[in-house]
Amino acid sequence: CSVAAYRLLLHPLSNIPGPKLAAITRLYEFYFDCILAGKFGFQIEQLHKQYGPIMRIGPNEVHISDPDHFETLHNVTNRIDKDQWYYRFVGSQDAGFGTGDADLHRIRRKAMNRFFASSAISNLEPSSREKVQKMCRRLQEMRKDGRPVNLSNAFRCLAADSVTYYCMPQGFNLLDSIDFAEDYNRQARTISYIAVWHRHIPIIFPIFMRMPRWFVKMTFTEGGLLAFDFQTDLARQSASAVHAENRSDISVLDGIINSEFLPESDKTVGRITQEARTLVGAGSETTGSSLEMIAYHVLANPPVFQHLRNELSETVSKFGQNSLTSYSTLQHLPYLTAVINEGLRLSNSVSGRLCRVDHHNAQLYKSYTLPPGTVISMNLRSSHTDPSIFHDPLDFKPDRWLKDTESKMLEKYFIPFGRGSRSCIGKSLAMMNLYLTTANLFFHFVPQLYETTLKDIEMEHDFFAPFPPHESKGLRVILK
Ligand code: HEM
């Protein structure tokens with residue numbers, strides 16, 4: 001009772017509006033995220049309508065919904081940390097992604113930077129091209145059968161193969177699996193839900209990983225068993241990379257282990273497994289769900305599909321068929337770019353709030369002073385769906401990116417990869433895959449939606465990444 005009274009009446013954040021229960025206890029968040037399965041983000045959205053742009057959503061956390069404030073908080077000069085409590089959800093607080101301390105993060109990120117610089121990603125273009133062509137070959141075979149094809153799974157296989165081929169000593173080769181790795185995609189959902197629980201009860205992940213496989217098989221769903229096998233494989237690959245006698249410098253993971261910037265204490269099997277887990281997790285679901293959103297809206301809007309196809313056909317007649325596999329050509333196609341931007345805006349592939357904390361200085365928001373140590377969170381969705389910036393924000397309208405002056409203004413608020421020192425390291429790789437895949441899919445195929453509505457791909461559960469309703473079968477099409 002005294003803790004509750006202190007938090008409500010005497011705590012430095014007691015003047016910030018918000019639900020009283022959330023100010024008293026984290027159990028408020030626990031209820032929405034764990035019991036209701038990924039609903040806290042939706043609740044925050046509702047609460048902002050009642051309490052305004054800043055509100056207290058935890059004993060020591062405020063959430064701000066104000067697109068103009070995003071860059072103030074997330075910029076390269078701000079020496080601001082990630083909140084350790086929040087980011088422990090993936091069990092990877094020592095990976096670059098989950099590292100709290102800004103200075104330590106800088107060193108860990110430096111060990112990976114050279115792999116994700118634009119020049120390194122250009123060298124990766126033949127490999128990305130080869131994967132997109134492989135996916136298209138598989139789709140061509142399936143077209144002959146006339147049966148529905150699950151594009152949600154196909155896109156996630158492509159993204160996972162791309163990121164594991166580059167980051168891990170051995171790629172996953174999911175594009176070779178008969179059903180586009182239905183299993184792999186199911187496990188991503190399970191592991192993300194476990195991760196949300198782990199945030200509140202941080203022994204869940206280690207207990208899960210220490211269980212004997214037969215026990216997991218007996219007690220968990222099939223998705224749980226697949227998640228277990230997948231995590232075990234990541235740990236096995238990381239261990240063999242750390243212990244390898246003749247290590248190459250080809251994969252990102254090998255590069256991290258060889259890095260001169262990192263102390264030996266950062267090269268343990270445990271930490272390298274954490275890097276592997278977050279790189280693969282951050283790289284596959286995000287690119288997969290962005291492609292899914294792009295493809296759904298293009299197919300659900302025939303004039304958009306026609307406009308895109310015309311642009312691609314003109315490009316092929318002007319520069320030849322190879323232009324479809326040239327990233328530098330595709331990047332300059334205005335309509336393709338507009339379609340991809342609009343898909344990234346609506347997919348919000350990182351749906352969870354981004355929690356930051358300044359341990360050294362007070363932060364200001366309007367008339368409020370947030371003392372050092374306050375967790376300040378914001379999400380990407382509130383910028384991307386603000387009707388005063390993006391008119392008819394829930395509609396897929398590539399044309400909004402075609403008007404020069406409007407598009408310049410929109411770019412300021414377009415933040416699918418975050419901003420500042422903690423922004424996405426894999427942006428260039430992701431963009432290359434989005435361009436190559438979208439162009440080739442819509443040039444070579446005329447897919448028709450099959451028993452798929454927006455409900456099948458829209459976020460119903462926010463596990464940091466967005467997931468549709470459990471019963472959704474994903475984006476399915478008949479290929480013509
Ligand atoms: C469309 C695809 C993608 C989107 C929308 C996306 C978005 C984001 C966002 C918003 C963040 C910031 C998260 C935070 O502040 O907590 C982030 C971080 C990160 N992303 Fe991505 N991402 C994508 C693809 C990728 C790919 C392909 C990789 C490659 C492996 C990757 C690796 C990472 C890593 C390692 C971080 C942590 C960066 C750090 O803290 O230094 N992402 N991403």
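For clarity, every value in this text was computed on a predicted model and none was experimentally measured. (Residues numbered from 1 in each chain as written. Predicted model: local features only at pLDDT ≥ 70, side-chain atom pairs only at ≥ 80, totals over all residues.)

**Student:** Tell me about the overall build of the protein, residues and numbers included.
**Tutor:** Each helix and strand counted, the protein has 22 helices and 12 strands in total. Scaling as 2.2 N^0.38, a compact globule of 480 residues should have a C-alpha radius of gyration of about 23 Å, and the protein matches this with 22 Å. In terms of overall dimensions, the protein has C-alpha extents of about 70 × 55 × 45 Å along its principal axes. The buried share of the protein, reckoned over its 480 residues, is 45%. Partitioning the intrachain contacts of the protein with sequence separation of at least 6 by distance along the chain shows that 70% fall at a separation of at least 24. (Helix = DSSP H or I, 4+ residues; strand = E, 2+ residues; numbered from the N terminus. Rg over C-alpha atoms; globule rule 2.2 N^0.38 Å. Buried ≥ 20, exposed ≤ 12 C-beta atoms within 10 Å, placed from the backbone. Contact = placed C-beta atoms within 7 Å.)

**Student:** Summarise the site of the ligand; cite the residues concerned and give the values.
**Tutor:** Among the 25 residues in the neighbourhood of the ligand, the closest are listed as Gly-283, Thr-286, Cys-424, Gly-426 and Ala-430. Where the shell around the ligand is concerned, the elements lending two or more residues are α10 (151-167), α16 (269-300) and α22 (427-444). Among the elements that make up the shell around the ligand, the one with the highest residue count is α16 (seven residues). The residue makeup of the shell around the ligand, split by class, is 13 nonpolar, 10 polar and two charged. (Near = placed C-beta within 6 Å. Nonpolar A, V, L, I, M, F, W, Y, C, P; charged D, E, K, R; others polar.)

**Student:** An account of helix α4 (residues 40-51) is needed here, citing residue identities and associated values.
**Tutor:** In this model, α4 (12 residues) spans 16 Å end to end at C-alpha, consistent with the 16 Å of a helix rising 1.5 Å per residue. For α4, the complete set of buried residues consists of Phe-40, Gly-41 and Ile-44. What you see down the axis of α4 is that its buried residues fit within an arc of 95°, all on one side. Opposite the buried face of α4, at more than 90 degrees from it, the exposed residues are Gln-46, Lys-49 and Gln-50. Lining the buried residues of α4 we find α3 (27-35), β1 (54-58), β2 (61-64) and β10 (461-463). Once α4 finishes, Gly-52 follows within two positions and takes phi at roughly 95°, a positive value. (Expected span 1.5 Å × (residues − 1). Arc of directions from axis to C-beta.)

**Student:** So what about α16? Which residues, and what values?
**Tutor:** Relative to the 46 Å expected for 32 residues at 1.5 Å per residue, α16 spans 46 Å between its end C-alpha atoms, a close match to the ideal helical length. In terms of burial, α16 is largely enclosed, as 29 of its 32 residues are buried.

**Student:** So what's going on with the pairing of strand β8 (residues 375-378)? Residues and values would help.
**Tutor:** Covered by surrounding structure in β8 are Val-375 and Ser-377 together with Ile-376 and Met-378, the residues of both alternating faces. Summarising the sheet, β2 and β8 pair through three bridges and their orientation is parallel. Bridge assignment links Glu-61 to a residue of β8, and that residue is Val-375. Pairing of strand β5 (residues 354-357) with β8 involves four bridges; the strand directions are antiparallel. Its bridge partner being in β8, Val-357 is matched across the sheet by Val-375. (Pairing = 2+ DSSP bridges.)

**Student:** Let's hear about the UniProt feature "binding site: heme" (unreviewed entry) in the protein: which residues, and what values?
**Tutor:** Mapped onto this structure's residue numbering, the UniProt feature "binding site: heme" (unreviewed entry) falls at Cys-424. With respect to the helices and strands, Cys-424 occurs in the loop between α21 (404-413) and α22. By the C-beta count within 10 Å, which is 20 here, Cys-424 ends up buried. If we skip the residues at most four places from it in the chain, Cys-424 touches Phe-417 and Gly-418. (UniProt positions renumbered as here; feature names shortened; annotations may be inferred.)

**Student:** Give a description of the sheet that holds strand β12 (residues 476-479) that names residues and reports values.
**Tutor:** Ordered by their spatial adjacency, three strands build an open sheet running β4-β12-β9, and the pairing between neighbours is antiparallel. In this open sheet, the two edge strands, each paired with only one partner strand, are β4 (149-150) and β9 (447-449). Across two bridges, β4 lies against β12 in antiparallel orientation. Along β12, the bridge assignment pairs Val-149 with Val-477.

**Student:** Give a detailed account of unusual backbone geometry, specifying residues and quantitative values.
**Tutor:** Positioned with a positive phi, Phe-180 is a non-glycine residue whose angle comes to about 50°. By the secondary structure assignment, Phe-180 is in the loop between α10 and α11 (182-200). The backbone of Phe-464 sits at a positive phi, close to 75°, despite the residue not being glycine. By secondary structure assignment, the location of Phe-464 is in the loop between β10 and β11 (465-467). Overall, Phe-464 belongs to the buried group, with 25 C-beta atoms counted inside 10 Å.

**Student:** Explain the pairing of β2 to me, and be specific about the residues and the numbers.
**Tutor:** When a strand is regular, its side chains alternate between the sheet's two faces. Of the two faces of β2, the one lined by Glu-61 and His-63 and the one lined by Val-62 and Ile-64 are each fully buried. Two strands pair when backbone bridges link them, and β1 and β2 are joined in this way by four bridges, in the antiparallel orientation. In the sheet register, Arg-56 faces β2, and the bridge partner there is Val-62. Turn length for the β1-β2 hairpin, with the two strands adjacent in sequence and antiparallel, is two residues.

**Student:** Explain the sheet that holds β8 residue by residue, including any values.
**Tutor:** Hydrogen bonds between backbone atoms are what pair the strands of a sheet, whose relative direction is either parallel or antiparallel. Read from one edge of the open sheet, five strands run β1-β2-β8-β5-β3, paired in mixed fashion. Of all the strands in the sheet, just β1 and β3 (81-82) have a single pairing partner and so form its edges.

**Student:** Provide a residue-level description of the nonpolar core, including the pertinent values.
**Tutor:** Grouped together as the largest cluster of nonpolar side chains are 116 residues, with contacts concentrated most on Leu-253, Ala-295 and Tyr-435. Sorting elements by how many residues they give to this core places α16 first, with 12 residues. Ignoring sequence-local partners within four residues, the contact set of Leu-253 consists of Cys-167, Met-168, Pro-169, Ser-238, Ala-241, Ile-272, Glu-275 and Ala-276. (Core = buried A, V, L, I, M, F, W, Y, C linked by C-beta atoms within 7 Å.)

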